Amino acid sequence: MTTGNATERLAKRLADQLPCSRREAELYIQGAWVTVDGELVEEAGARVGPEQSIALLPNATLHEIPPVTLLLHKPVGYSGESDGVGKPALVCITPETRMEQHDIQESSAQRFLKHHLSSLTLTNALDLDASGLLVYTQDFRVARKLIDEQARVEQEFIVEVAGAIAPGGLALLNHGLPFNGKPLAPIKASWQNETRLRMAIKGVQAGQIAHMCKMVGLTVVSMKRLRIGRISMAALPVGQWRYLQGYERF
């Protein structure tokens with residue numbers, strides 16, 4: 001992009017050229033409807049020079065950009081916490097890592113915009129050593145549901161364990177264990193095979209699953225979150241993501 005004293009903000013240049021209001025120009029740019037020398041530019045504050053060609057795409061609209069919710073299959077080793085250590089899981093969300101089958105289904109209704117990566121809220125943390133479903137949202141309704149009402153939202157995990165479970169341990173996992181000095185509410189825990197537990201928990205807290213397993217003689221080897229509320233990870237590959245669709249509800 002051109003720099004220097006002769007440049008001006010892209011939004012101002014577009015507003016003068018169309019003409020339209022400055023706010024309308026910003027909406028066109030943020031909506032990825034504006035090209036500079038043939039290339040899409042989504043930053044209203046980008047600087048352009050007088051020699052550069054500014055164009056508005058033929059199908060451009062002035063609709064406000066609706067908030068989006070992103071579903072990511074977090075790999076092990078990426079931080080699934082807003083203030084976690086290590087590489088943040090959000091770096092996995094790029095145009096290239098969008099789930100292909102959803103690209104085909106959503107291409108006419110949902111374009112990827114840089115704006116979709118701003119002002120995102122991570123709703124439910126996931127340990128560095130865990131994998132599985134992470135939710136990032138711009139929608140305050142989704143954030144309220146998954147954060148403020150998390151005690152009523154069930155999450156499902158597959159937990160690989162090592163060791164021999166204590167007598168009556170499975171019953172204790174389902175109900176009867178404390179955490180942080182307080183009794184835990186009942187959960188649904190069952191064996192999937194000799195080393196794999198399925199756990200469905202409401203209001204799960206950081207470190208809770210490892211603590212519960214330790215109390216019945218088991219050590220967590222790996223953990224994957226499959227579902228949050230009614231939204232499952234389904235066939236989402238590791239390291240890929242998709243948009244929550246309008247008909248989907250947590």
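For the structure itself, consult the block above.
Computed from a predicted model, the values in this text were never measured in an experiment. (Residues numbered from 1 in each chain as written. Predicted model: local features only at pLDDT ≥ 70, side-chain atom pairs only at ≥ 80, totals over all residues. Heavy atoms only, no water.)

S.K.: Break down the pattern of salt bridges for me, citing the residues and quoting the values.
M.R.: Overall, the coordinates contain 13 salt bridges when judged by the stated rule. Across the pair Lys12 and Asp16 runs a salt bridge whose closest N-O atoms are separated by 3.1 Å. Residue Lys12 and its partner Asp16 are located together in helix H1 (residues 10-17), separated by four residues, close to a single helical turn. Measuring nitrogen to oxygen at the nearest pair gives 3.5 Å for the salt bridge that ties Arg23 to Glu64. Of this pair, Arg23 sits in helix H2 (residues 22-30) while Glu64 is found in the loop between strand E5 (54-56) and strand E6 (69-74), placing the two residues 41 residues apart along the sequence. Several salt bridges share partner residues, and in doing so they unite Glu154, Glu156, Lys188, Arg198 and Arg227 into one network. (Salt bridge = Lys/Arg side-chain N within 4 Å of Asp/Glu carboxyl O. Helix = DSSP H or I, 4+ residues; strand = E, 2+ residues; numbered from the N terminus.)

S.K.: Give me the sheet that holds strand E2 (residues 34-36): which residues, what numbers.
M.R.: Read across the open sheet, the three strands follow the order E3-E2-E5; overall the sheet is antiparallel. Looking at which strands have only one partner, the edges of the open sheet turn out to be strand E3 (39-40) and E5. Where E2 meets E3, two bridges bridge the pair, whose relative direction is antiparallel. By the bridge assignment, Val36 is partnered in E3 with Glu39. In this fold H1 packs onto E2 and E5, with an angle of close to 65° to the strand it touches most, E5. (Pairing = 2+ DSSP bridges. Contact = heavy atoms within 4.5 Å. Axes fitted to C-alpha atoms, helices over the stretch in contact; angles between N-to-C directions.)

S.K.: Can you explain the packing of aromatic side chains? Please cite residues and give values.
M.R.: Overall, the coordinates contain two aromatic pairs when judged by the stated rule. Ring plane angle 55° and centroid distance 5.8 Å describe the contact between Phe112 and Trp241, whose orientation is recorded as tilted. Linking Phe112 in the loop between helix H3 (100-106) and strand E7 (121-122) with Trp241 in strand E16 (residues 241-243), this pair joins segments that are 129 residues apart in sequence. Accessibility expressed as a relative area gives 0% for Trp241, which makes it buried. Geometrically, the ring pair formed by Trp241 and Tyr243 is edge-to-face, given 4.9 Å between the ring centres and 80° between the ring planes. For the pair Trp241 and Tyr243, a shared accessibility class is recorded, and that class is buried. An aromatic cluster of three or more residues is present, and its members are Phe112, Trp241 and Tyr243. Directly above the ring of Trp33 sits Arg111, whose terminal nitrogen or CZ lies 3.8 Å from the centroid. (Phe/Tyr/Trp six-rings, centres within 6.5 Å; stacked < 30°, edge-to-face > 60°. Buried < 20%, exposed > 50% of the residue type's maximum accessible area, 1.4 Å probe, protein only. Lys NZ or Arg CZ within 6 Å of the ring centre and 35° of its normal.)

S.K.: Lay out the nonpolar core with the relevant residues and their values.
M.R.: Formed by 33 residues in total, the largest nonpolar core has its most connected members in Tyr136, Val159, Met199 and Ile209. At the level of secondary structure, the elements contributing two or more residues to this core comprise E6, strand E8 (131-137), strand E9 (154-162), strand E13 (196-202), helix H6 (208-215) and E16. Beyond its immediate stretch of four places on either side in the chain, Met199 contacts Gln155, Glu156, Phe157, Val159, Leu173, Ile187, Lys188, Ala189, Ile209 and Cys213. (Core = buried A, V, L, I, M, F, W, Y, C linked by side-chain atoms within 4.5 Å.)

S.K.: Summarise the environment of Ser232; cite the residues concerned and give the values.
M.R.: By the secondary structure assignment, Ser232 is in strand E15 (residues 231-232). For Ser232 and Glu156, which are 76 residues apart along the polypeptide, the C-alpha to C-alpha distance reads 8.7 Å. Sequence-distant contacts of Ser232, defined by excluding residues within four places in its chain, comprise Leu133, Leu226, Arg227 and Arg242.

S.K.: Describe H2, with residues and values.
M.R.: Three or more residues of H2 are buried, namely Ala25, Leu27, Tyr28 and Ile29. Phi turns positive, to about 60°, at Ala32, one or two residues after H2.

S.K.: Give a detailed account of the packing of H1 against H2, specifying residues and quantitative values.
M.R.: Look at H1 against H2: their axes get within 8 Å of each other, and the N-to-C directions meet at 115°. Compared by their axis directions, H1 and H2 come out roughly perpendicular. The handedness of the crossing between H1 and H2 comes out as right-handed. Contact residues: H1 offers Leu10, Ala11, Lys12, Leu14 and Ala15, while H2 offers Arg22, Ala25, Glu26, Tyr28 and Ile29. Looking at the contact of H1 with H2 residue by residue, the classes come out as seven nonpolar, no polar and three charged. (Parallel < 35°, antiparallel > 145°, perpendicular 65-115°, else oblique. Left-handed = near helix turned anticlockwise from the far one by under 90°. Nonpolar A, V, L, I, M, F, W, Y, C, P; charged D, E, K, R; others polar.)

S.K.: Outline the pairing of E13, listing residues and values.
M.R.: Relative to E13, E9 runs antiparallel, the two sharing seven bridges. Residue pairing across strands places Gln155 opposite Ile201, the latter belonging to E13. Strand direction decides the pairing type here: strand E12 (residues 188-193) and E13, joined by five bridges, are antiparallel. Considered in E13, the bridge of Trp191 is made with Leu197. Hairpin connection between E12 and E13: a loop of two residues separates the two successive antiparallel strands.

S.K.: Lay out the pairing of E8 with the relevant residues and their values.
M.R.: Summarising burial for E8: seven of the seven residues are buried, a large majority. Pairing of E6 with E8 involves six bridges; the strand directions are antiparallel. Bridge pairing in E8 places Lys74 opposite Gly132. The sheet contact formed by E7 and E8 spans two bridges and is antiparallel. In the sheet register, Thr121 faces E8, and the bridge partner there is Thr137.

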